[in-house]
Amino acid sequence: MANAASGMAVEDKCKLKFLELKAKRNYRFIIFRIDGQQVVVEKLGSPAENYDDFTNALPPNECRYAVYDFDFTTTENIQKSKIFFIAWSPDSSRVRMKMVYASSKDRFKRELDGIQVELQATDPSEMSLDIIISRAL
């Protein structure tokens, strides 16, 4: 289904893989890209991969959407997990690309039921592990 505002469709595989991440924990992260007029899955991170593997998989000069399943321990020593939605829009990416990703973000995010924390980043420092931890707690 295309959104009238952005004209962007979401490939069914995006929702399916997100459900697998959320319910079955088959993946640590999923990176999505806009291909033509639809959002598609670009990369699936295995459960063994960590946050560095995730950040290294994001292209330095192109926008992406991503979800990351972050495991952490609370100050009460309780194991928890939160699903982050990250809108990656590096300053060095093309203006048109940034505009397309920005205008399609909310519509795409609504397709992924279960996002707990949203983060927007224009450079790696804005999505450092310290920031992820502080937003999770």
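Residues numbered from 1 in each chain as written. Predicted model: local features only at pLDDT ≥ 70, side-chain atom pairs only at ≥ 80, totals over all residues. Heavy atoms only, no water.

- In the annotation of an unreviewed UniProt entry, the entry for the protein chain reads Actin-depolymerizing factor 12-like, and the organism field reads Camelina sativa.
- Under the UniProt heading Subcellular location (unreviewed entry), the entry covering the protein chain gives this text: "Cytoplasm, Cytoskeleton".
- You can read under Sequence similarities (unreviewed entry) in the UniProt record for the protein chain the words "Belongs to the actin-binding proteins ADF family." (UniProt positions renumbered as here; feature names shortened; annotations may be inferred.)

### Some points on helix α1 (residues 12-24)
Next up, step 1: Between its terminal C-alpha atoms α1 stretches 18 Å, which fits the 18 Å expected from 13 residues at 1.5 Å a residue.
Next up, step 2: Of all the positions in α1, only Cys14, Lys17, Phe18, Glu20 and Leu21 are classed as buried. Down the axis of α1, the buried set is contained in an arc of 155°. They therefore lie on one face. Facing away from the buried side of α1 by over 90 degrees, the exposed positions are Asp12, Ala23 and Lys24.
Next up, step 3: Looking at the packing, one finds that the buried side of α1 touches β1 (9-10), β2 (29-35), β3 (38-45), β4 (64-73), β5 (79-88) and α3 (95-111).
Next up, step 4: One or two residues past the end of α1 sits Arg25, with phi positive at roughly 55°. (Helix = DSSP H or I, 4+ residues; strand = E, 2+ residues; numbered from the N terminus. Expected span 1.5 Å × (residues − 1). Buried < 20%, exposed > 50% of the residue type's maximum accessible area, 1.4 Å probe, protein only. Arc of directions from axis to C-beta. Contact = heavy atoms within 4.5 Å.)

### With respect to the nonpolar core
Next up, step 1: Judged by nonpolar contacts, the single largest core of 22 residues is most densely connected at Phe32, Val39, Tyr65, Val67 and Phe108.
Next up, step 2: Every element with two or more residues in this core is listed here: α1, β2, β3, β4, β5 and α3.
Next up, step 3: Per-element accounting of this core gives the leading share, four residues, to α3.
Next up, step 4: The contact partners of Tyr65, leaving out residues within four places of it in the chain, are Ile30, Ile31, Phe32, Ile34, Val39, Phe85, Ile86, Val100, Tyr101, Ser104, Lys105 and Phe108.
Next up, step 5: Core analysis: the next-biggest nonpolar cluster, separate from the first, contains 18 residues, Tyr51, Phe72, Ile132 and Ala136 among them. (Core = buried A, V, L, I, M, F, W, Y, C linked by side-chain atoms within 4.5 Å.)

### Description of α3
Next up, step 1: Helix length check: α3 (17 residues) gives 25 Å between terminal C-alpha atoms against 24 Å at 1.5 Å per residue, within 8%.
Next up, step 2: The largest bend in α3 amounts to roughly 45° and is located at Lys105.
Next up, step 3: For α3, the complete set of buried residues consists of Met97, Val100, Tyr101, Ser104, Lys105, Arg107 and Phe108. (Bend = angle between axes of the 7 residues up to and from the residue.)

### Here we look at the pairing of β5
Next up, step 1: Two strands pair when backbone bridges link them, and β4 and β5 are joined in this way by 10 bridges, in the antiparallel orientation. Following the sheet pairing, Val67 is matched in β5 by Phe85.
Next up, step 2: Taking the residues between adjacent antiparallel strands as the criterion, β4 and β5 are bridged by five residues, where Asn77 takes a positive phi near 65°.
Next up, step 3: Sheet analysis places β5 next to strand β6 (residues 117-121), joined by five bridges and oriented parallel. Bridge assignment links Phe85 to a residue of β6, and that residue is Glu118.
Next up, step 4: What joins β5 to β6 is α3, and the crossover it makes is right-handed. (Pairing = 2+ DSSP bridges. Right-handed = clockwise from strand over helix to strand, strands pointing away.)

### Let's talk about the pattern of salt bridges
Next up, step 1: Applying the stated criterion across every chain, the model contains 14 salt bridges.
Next up, step 2: Here Lys15 ties to Asp12 by a salt bridge, and the two come within 3.9 Å at their closest N and O atoms. With a gap of three residues between them, Lys15 and Asp12 both fall in helix α1, about one helical turn apart.
Next up, step 3: Salt bridges sharing common partners tie together Arg33, Asp35, Glu42, Glu62 and Arg64. (Salt bridge = Lys/Arg side-chain N within 4 Å of Asp/Glu carboxyl O.)

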